[in-house]
Amino acid sequence: CTVTGGETHAGGVAGSAGANSEISNCAVSGTVHGRSYVGGVAGQTEGVITVCSVSCTVTGVDFYIGGVAGYAAGQSEVSDSSVSGTVSGRSYVGGVVGKTDKTVTGCSSDCTVTGVDFYIGGVAGYANTGSEVSNSSASGTVSGRSYVGGVAGYTDGVITVCANRCAVTGLEENIGGVAGYADSHNTVSNCFNSGAITASGNGNRSGIGGIVGGGNWTNTASTIHNNLSIGTVTGRINVGGIVGSSAAPLGIQDAWNNYYINAPAGTGNGDVWVQDGAV
């Protein structure tokens, strides 16, 4: 198909799918383009999208651009779907979803994912409070300005059992192999990064990490554990093999059993404390 939307809500199958909808066992190839809320399957969904395959060029002018769904809102679930091709937009850009409020599971992205500004991810650009991204993987490349991650550009929910093989490149801050930034309700666990993580701009280039670029673990429920990064990590300020920077010191109650090789030179206190098992 060639789908072109002049404004919002353009999708290879549906422009907008409501709360009780289900889109399943679909395949889309071609191009989908719009201004905002653009997806290879749906521009926006509040229902279920499952077992779909997308081989597309998905482009948006502004925000909420995703290989499967531009915005997976409400109690939505995107599952067991795969994306290949290119996904690009300004902000909230993801290989599978531009933004999710709830669940993305069992999905894979092999894409060139490109954002001009913020919240760019290999699977999800922005994973909202209470969301879960699980059993998913990304390969290809991910690039943006800030809040750029191999799995999610930003999370305030759970990311678990995910793998990133993308080269992840940002210009400024909060660039991570799994999440660019993990906010105070996050759990990042049992994840793997083998991609090269690079902050390439001329500014501060701060908060660059093999698993999480920057994060906030002040909430007692937020944790980062059982993760492995073997990718190189390159930046200027607060650069770490696991975490680049944290809003407060990470203690053993926050972080444990995280491991890396290819530690950045001069890692210092930009990394998780030695007590957490980062070797």
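Reading the values: rules and limits
- Residues numbered from 1 in each chain as written.
- Predicted model: local features only at pLDDT ≥ 70, side-chain atom pairs only at ≥ 80, totals over all residues.
- Heavy atoms only, no water.
- Helix = DSSP H or I, 4+ residues; strand = E, 2+ residues; numbered from the N terminus.
- Rg over C-alpha atoms; globule rule 2.2 N^0.38 Å.
- Areas by Shrake-Rupley, 256 points an atom, 1.4 Å probe, with all protein chains shown as cover.
- Lys, Arg positive; Asp, Glu negative; His and termini not counted.
- Charge placed at Lys NZ, Arg CZ, Asp CG, Glu CD.
- Buried < 20%, exposed > 50% of the residue type's maximum accessible area, 1.4 Å probe, protein only.
- Polar contact = N/O pair within 3.5 Å; in protein donor to acceptor, adjacent residues only side chain to side chain.
- Contact = heavy atoms within 4.5 Å.
- Phe/Tyr/Trp six-rings, centres within 6.5 Å; stacked < 30°, edge-to-face > 60°.
- Pairing = 2+ DSSP bridges.
- Core = buried A, V, L, I, M, F, W, Y, C linked by side-chain atoms within 4.5 Å.
- Axes fitted to C-alpha atoms, helices over the stretch in contact; angles between N-to-C directions.
- Salt bridge = Lys/Arg side-chain N within 4 Å of Asp/Glu carboxyl O.

Caption draft 1: The overall build of the chain, seen in detail. Per the secondary structure count, the chain includes zero helices and 38 strands. For the chain, the C-alpha radius of gyration of 17 Å lies close to 19 Å, the compact-globule estimate for 279 residues. Its C-alpha atoms give the chain principal-axis dimensions of about 50 × 35 × 25 Å. With an accessible surface of roughly 9,800 Å², the chain has 48% of that area assigned to carbon and sulfur atoms. The average position of the 8 basic charges and that of the 17 acidic charges among the side chains of the chain differ by 10 Å.

Caption draft 2: Here's a closer look at unusual backbone geometry. Its identity as a non-glycine residue notwithstanding, valine 161 has a phi of 50°, on the positive side. With respect to the helices, strands and loops of the structure, valine 161 is situated in the loop between strand E24 (158-160) and strand E25 (163-164). Assessed through its relative accessible area of 43%, valine 161 is described here as partly exposed. The phi torsion at asparagine 226 lies on the positive side, around 55°, for a residue other than glycine. Tracing the chain through its elements places asparagine 226 in strand E34 (residues 223-229).

Caption draft 3: Region of the structure containing the side chain of asparagine 164. Here asparagine 164 shows up in strand E25. For asparagine 164, the side chain forms a polar contact with the side chain of asparagine 193, separated by 2.8 Å. With sequence-adjacent residues up to four places away left out, asparagine 164 is seen in contact with Ala138, Gly150, Val151, Gly177, Phe192, Asn193, Ser194, Gly195 and Ile197.

Caption draft 4: Up close: the packing of aromatic side chains. Applying the stated criterion across every chain yields a total of 14 aromatic pairs. Of the aromatic side chains, those joined through ring pairs into one cluster are Tyr37, Phe63, Tyr64, Tyr71, Tyr92, Tyr119, Tyr126, Tyr147, Tyr154 and Tyr181.

Caption draft 5: Molecular detail of the sheet that holds strand E18 (residues 118-121). Ordered by their spatial adjacency, nine strands build an open sheet running E2-E6-E10-E14-E18-E22-E27-E32-E36, and the pairing between neighbours is parallel. Of all strands in the sheet, those bounded by a partner on one side alone are strand E2 (8-11) and strand E36 (237-240). Of the strand pairs in this sheet, E2 and strand E6 (residues 36-39) are connected by three bridges, and their pairing is parallel. What sits directly across from alanine 10, in E6, is valine 38.

Caption draft 6: Structural view of the nonpolar core. Counting residues in hydrophobic clusters, the biggest one holds 62 residues, and the most contacted among them are Ile49, Val78, Ile159, Val212 and Ile224. For this core, the leading source of residues is strand E9 (residues 53-60), giving three residues. Leaving out residues up to four positions away in the same chain, valine 212 has contacts with Gly176, Ala179, Gly180, Ala182, Val188, Trp217, Ile224, Ile242, Val243 and Gly244.

Caption draft 7: Here's a closer look at the sheet that holds strand E7 (residues 42-45). Pairing is parallel across the open sheet formed by nine strands, whose spatial order is E3-E7-E11-E15-E19-E23-E28-E33-E37. If you trace the sheet from one side to the other, it starts and ends with strand E3 (14-17) and strand E37 (243-246), each paired once. Neighbouring strand axes in the sheet, compared pairwise and without regard to direction, differ in orientation by 5° on average. The pairing of strand E11 (residues 69-72) with strand E15 (residues 97-100) spans three bridges and is classified as parallel. Its bridge partner being in E15, alanine 69 is matched across the sheet by valine 97.

Caption draft 8: Seen up close, the pairing of E34. For E34, a buried count of five out of seven residues is recorded, marking the element as mostly surrounded by other parts of the structure. Across three bridges, the pairing between strand E29 (residues 187-189) and E34 is parallel. Counted as the bridge partner of valine 188 is isoleucine 224 from E34. Examined bridge by bridge, E34 and strand E38 (residues 255-260) share five bridges and lie parallel to one another. Among the inter-strand pairings, histidine 225 is bridged to a residue of E38, identified as tryptophan 256.

Caption draft 9: Up close: the pattern of salt bridges. Inspection of every chain in the model, using the stated rule, returns five salt bridges. With a closest N to O distance of 3.5 Å, arginine 145 and aspartate 117 form a salt bridge. Of this pair, arginine 145 sits in the loop between strand E21 (137-144) and strand E22 (146-149) while aspartate 117 sits in the loop between strand E17 (108-115) and E18; the two residues are 28 residues apart in sequence, bridging distant segments of the chain. Judged by its relative accessible area of 26%, arginine 145 is partly exposed. What makes aspartate 117 buried here is its relative accessible area of 17%. In this structure, the salt-bridge partner of arginine 145 is glutamate 172, at a minimum N-O distance of 3.0 Å. Here arginine 145, found in the loop between E21 and E22, pairs with glutamate 172, found in the loop between strand E26 (167-170) and strand E27 (175-176); they are 27 residues apart in sequence, far enough to count as distant. Exposure remark for glutamate 172: the relative accessible area of 31% places this residue in the partly exposed category. Through salt bridges with shared partners, a single ionic network connects Arg90, Asp117, Arg145 and Glu172.

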